[in-house]
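# Notes for the structure review
As a plain string of letters, each chain reads:
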Amino acid sequence: MGRVLPFVIAALLSVVVLFTPESGVPTMPPGTDKVVHTLLFALLAVTGLYAKIPRILLWLVVYAGVSEVLQALITPLHRSGDVLDALVDVLGIGLGWAIAAAIRSRRRGPHTTR
């Protein structure tokens, strides 16, 4: 459970961030929403890879799209689905993958050449 707990916490955070009704979302400068989406999905990717969840990157891409559709369909939220949000979610997944790869590379130590 130790490796999975950070991902569970990140996933719960994502549900709060993505599905809070519009009235509960603080006013932010333009573009902040995209930064939040990118960082949130980077966090999901890093923690999901750390937990060694099979096909996590694929599942996160699906989640990115589905979350935007649900935002548009769940009318009491008064939120709208945004294709650009889904795209920056995928950007965040890629960023998370790169961060996880860099961490793995550092843990292995310097490579020697012959």
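Everything below is about the structure shown above.
The sections below set out a description of the structure shown in this document. In this text, all values refer to a predicted model and were calculated from it rather than measured experimentally.

## Points about the nonpolar core
A general tendency of soluble globular proteins is for nonpolar side chains to be buried together. Membership of the largest hydrophobic core comes to 14 residues, with the highest contact counts inside it found for Phe-7, Leu-18, Phe-41, Leu-44, Leu-60 and Ile-93. Residue assignment for this core shows that the elements contributing at least two residues are α1 (5–19), α2 (32–50) and α3 (56–73). Once residues within four sequence positions are removed from consideration, Leu-44 is found in contact with Phe-7, Ala-10, Ala-11, Ser-14, Leu-60 and Tyr-63.

## Digging into α2
Taking 1.5 Å of rise per residue, 19 residues should cover 27 Å, and α2 covers 27 Å from first to last C-alpha, within 8% of that figure. Note on α2: the residue one or two positions beyond its end, Lys-52, has a positive phi of about 60°.

## Concerning the side chain of Asp-89
Position of Asp-89 among the secondary structure elements: in helix α4 (residues 83–108). In this structure, Asp-89 is buried with no salt-bridge partner, the nearest side chain bearing the opposite charge being Lys-34 at 8.5 Å. Here the side chain of Asp-89 touches His-37 through a polar contact of 2.7 Å, side chain to side chain. Here Asp-89 is in contact with His-37, Phe-41, Ala-64, Ser-67 and Glu-68, once residues within four sequence places are set aside.

## A closer look at α4
It helps to recall that an α-helix has 3.6 residues per turn; residues three or four apart then point in one direction. When the terminal C-alpha atoms of α4 are compared, their 38 Å separation across 26 residues agrees well with the 38 Å that a helix rising 1.5 Å per residue should span. Contacts from the buried residues of α4 go to α2 and α3. Following α4 by one or two positions, Gly-109 adopts a phi angle in the positive range, close to 90°.

## Comments concerning the pattern of salt bridges
Within this structure, the stated rule accounts for three salt bridges. With a shortest N-O distance of 3.3 Å, Lys-34 and Asp-33 are connected by a salt bridge. With relative accessibility at 27%, the residue Asp-33 sits in the partly exposed group. Residues Asp-82 and Lys-34 are paired through a salt bridge, measuring 2.9 Å at the closest nitrogen-oxygen approach.

## Brief notes about the packing of α1 against α2
At their nearest, the axes of α1 and α2 sit 8 Å apart, and the two run at 155° to each other. Regarding the angle of α1 to α2, the classification is roughly antiparallel. You can see that α1 and α2 cross each other, and the crossing is left-handed. Mapping the contact onto sequence places Pro-6, Phe-7, Ala-10, Ala-11, Leu-13, Ser-14, Val-17 and Leu-18 in α1 and Val-36, His-37, Leu-40, Phe-41, Leu-43, Leu-44, Thr-47, Gly-48 and Tyr-50 in α2.

What counts, and where the lines are drawn
Residues numbered from 1 in each chain as written. Predicted model: local features only at pLDDT ≥ 70, side-chain atom pairs only at ≥ 80, totals over all residues. Heavy atoms only, no water. Core = buried A, V, L, I, M, F, W, Y, C linked by side-chain atoms within 4.5 Å. Buried < 20%, exposed > 50% of the residue type's maximum accessible area, 1.4 Å probe, protein only. Helix = DSSP H or I, 4+ residues; strand = E, 2+ residues; numbered from the N terminus. Contact = heavy atoms within 4.5 Å. Expected span 1.5 Å × (residues − 1). Lys, Arg positive; Asp, Glu negative; His and termini not counted. Salt bridge = Lys/Arg side-chain N within 4 Å of Asp/Glu carboxyl O. Polar contact = N/O pair within 3.5 Å; in protein donor to acceptor, adjacent residues only side chain to side chain. Axes fitted to C-alpha atoms, helices over the stretch in contact; angles between N-to-C directions. Parallel < 35°, antiparallel > 145°, perpendicular 65-115°, else oblique. Left-handed = near helix turned anticlockwise from the far one by under 90°.

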